[in-house]
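The residues making up each chain are set out below.
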Amino acid sequence: MKIYIVIPAHNEAENIFRTLESLTSQSLLPKKLVVVDDQSTDSTASIVERFSEKFPFVRLVKSLSSEAHLPGSKVINAFHKGLKQLDEEYDVICKFDADLIFPKHYLASLAAHFEADKSLGMCGGFCQVQVRGKWVLESLTGKDHIRGALKAYRKACYKDIGGLKASMGWDTVDELLAQYHGWKIKTDPNLLVKHLRPTGFTYNKTAKWKQGEAFYKLRYGWLITIIASVKLALKKKEPRLVLDYLQGFQKAKASKMPFLVSEKEGAFIRRLRYKKMLSKFF
């Protein structure tokens, strides 16, 4: 199984060595690995170049995107830049963050899951973060959601969902659209990946309304948005975020921001969300 990997990176000199070290020592090596250096001002590029000299399948690509580190747009634009440098002779395409340490058999395990179930469209492990010297599951981890840091897509699934959306919510809409097209999503709790920085660590202050905008773009409607906002804020242990999310939703609604999904896809997404909520009680 041919696995291609694209890693967007911005000032990741402290972490990317360990990420590439873990990926270039996999029991099943990727066929191609592209790191997109997005305006780094540290030694990120030189570290990647050292790996590319040693491993022919590793390549550095440089990108010039916006300075603002807004959730979704910057990282996905960099991903697209890297994807354009690749051919389409892959079976699985991965979007990985530049601050992860993968266990030795991670890619082999992904390949095994995809080979075992031809209807499996997306697969991933769980992220751990270090808390007081111990590695624990990241608070945002859910058994039915693959973290945006370590997405892996079967090629046909990636094509069906129309690629990744350069917007906050990209790592939710991808899974919802995959299910809309009949693909399965799988998380493997045995695949534990060390996440060296907490999710959202580098987001700037203007990002606080983006989550609410994402709920609007997904056509959630007010009820699902309220429930999702409360749930996410509690997971982050910051209840005050609920107001930011709802304000972001209202701003997006008032400005008639364009949706990420069609009306038909939105109706499917709402049914899926309501079904999941009801399953918690029955």
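All values reported here derive from a predicted model rather than from experimental measurement.

1. Overview of the nonpolar core
Membership of the largest hydrophobic core comes to 79 residues, with the highest contact counts inside it found for Ile5, Ile7, Leu33, Ile93, Phe96, Tyr106 and Leu150. Take this core: its biggest share by element is 6 residues, from strand S1 (residues 3-9). Aside from chain neighbours lying at most four places away, what touches Phe96 is Ile5, Val6, Ile7, Pro8, Leu23, Phe102, Tyr106, Leu107, Ala149, Leu150 and Lys151.

2. Details of a nonpolar patch on the surface
A grouping of Trp222, Ile226, Val230 and Leu234 is seen on the molecular surface, where their side chains present a nonpolar patch of about 340 Å² in accessible area. Among the structural elements, Leu234 can be located in helix H8 (residues 221-235). Assessed through its relative accessible area of 55%, Leu234 is described here as exposed.

3. Describing the pairing of strand S3 (residues 58-63)
For a regular strand, the rule is simple: side chains alternate between the two faces of the sheet. Both strand S2 (residues 32-38) and S3 contribute to a ladder of 6 bridges, which runs parallel. Across the sheet, residue Val34 finds its bridge partner in S3, namely Arg59. Once the chain exits S2 it traverses helix H2 (residues 44-54) before rejoining the sheet at S3, and the crossover so formed is right-handed.

4. What to know about the packing of H8 against helix H10 (residues 263-279)
Direction vectors running N to C along H8 and H10 enclose 55°, while the axes themselves pass 11 Å from each other. One way to sum up the angle between H8 and H10 is to call them oblique. Between H8 and H10 lies a crossing whose hand is left-handed. Contacts from Leu223, Ile224, Ile227 and Lys231 of H8 reach H10 at Arg270, Arg273, Tyr274, Lys276 and Met277.

5. Looking at H8
Taking 1.5 Å per residue, 15 residues should reach 21 Å; H8 reaches 21 Å between its end C-alpha atoms and fits that length. Of the residues making up H8, those classed as buried are Ile224, Thr225, Ala228, Ser229, Leu232 and Ala233. Each buried residue of H8 lies within a common arc of 155° when the element is viewed along its axis, so the set occupies one face. Contacts made by the buried residues of H8 are with helix H7 (210-217), helix H9 (241-254) and H10. Lys237 sits one or two positions beyond H8 and adopts a positive phi of about 60°.

6. Brief notes about the environment of Glu14
Structurally, Glu14 can be placed in the loop between S1 and helix H1 (16-23). Of the residues examined, Glu14 reaches a relative accessible area of 75% and is grouped as exposed. Linking Glu14 and Leu83, residues 69 residues apart in sequence, is a C-alpha distance of 24 Å.

7. Focus on the pairing of strand S7 (residues 134-137)
Pairing between strand S6 (residues 120-131) and S7: 4 bridges, direction antiparallel. Paired with Gln128 across the two strands is Leu137, which belongs to S7. Hairpin connection from S6 to S7: 2 residues lie between these consecutive antiparallel strands, with Arg132 at a positive phi of about 50°.

8. A look at the packing of helix H6 (residues 170-180) against H10
At a minimum axis distance of 10 Å, the contact between H6 and H10 shows a crossing angle of 95°. On the basis of their axis angle, the class for H6 and H10 is roughly perpendicular. Note on element contacts: H10 touches H6 through Lys264, Glu265, Phe268, Ile269, Leu272 and Arg273, opposite Thr172, Leu176, Leu177, Gln179 and Tyr180.

Reading guide: rules and limits
Residues numbered from 1 in each chain as written. Predicted model: local features only at pLDDT ≥ 70, side-chain atom pairs only at ≥ 80, totals over all residues. Heavy atoms only, no water. Core = buried A, V, L, I, M, F, W, Y, C linked by side-chain atoms within 4.5 Å. Buried < 20%, exposed > 50% of the residue type's maximum accessible area, 1.4 Å probe, protein only. Helix = DSSP H or I, 4+ residues; strand = E, 2+ residues; numbered from the N terminus. Contact = heavy atoms within 4.5 Å. Patch = residues over 30% accessible without salt bridge, like charges linked within 9 Å, V, L, I, M, F, W, Y side chains within 5 Å. Areas by Shrake-Rupley, 256 points an atom, 1.4 Å probe, with all protein chains shown as cover. Salt bridge = Lys/Arg side-chain N within 4 Å of Asp/Glu carboxyl O. Pairing = 2+ DSSP bridges. Right-handed = clockwise from strand over helix to strand, strands pointing away. Axes fitted to C-alpha atoms, helices over the stretch in contact; angles between N-to-C directions. Parallel < 35°, antiparallel > 145°, perpendicular 65-115°, else oblique. Left-handed = near helix turned anticlockwise from the far one by under 90°. Expected span 1.5 Å × (residues − 1). Arc of directions from axis to C-beta.

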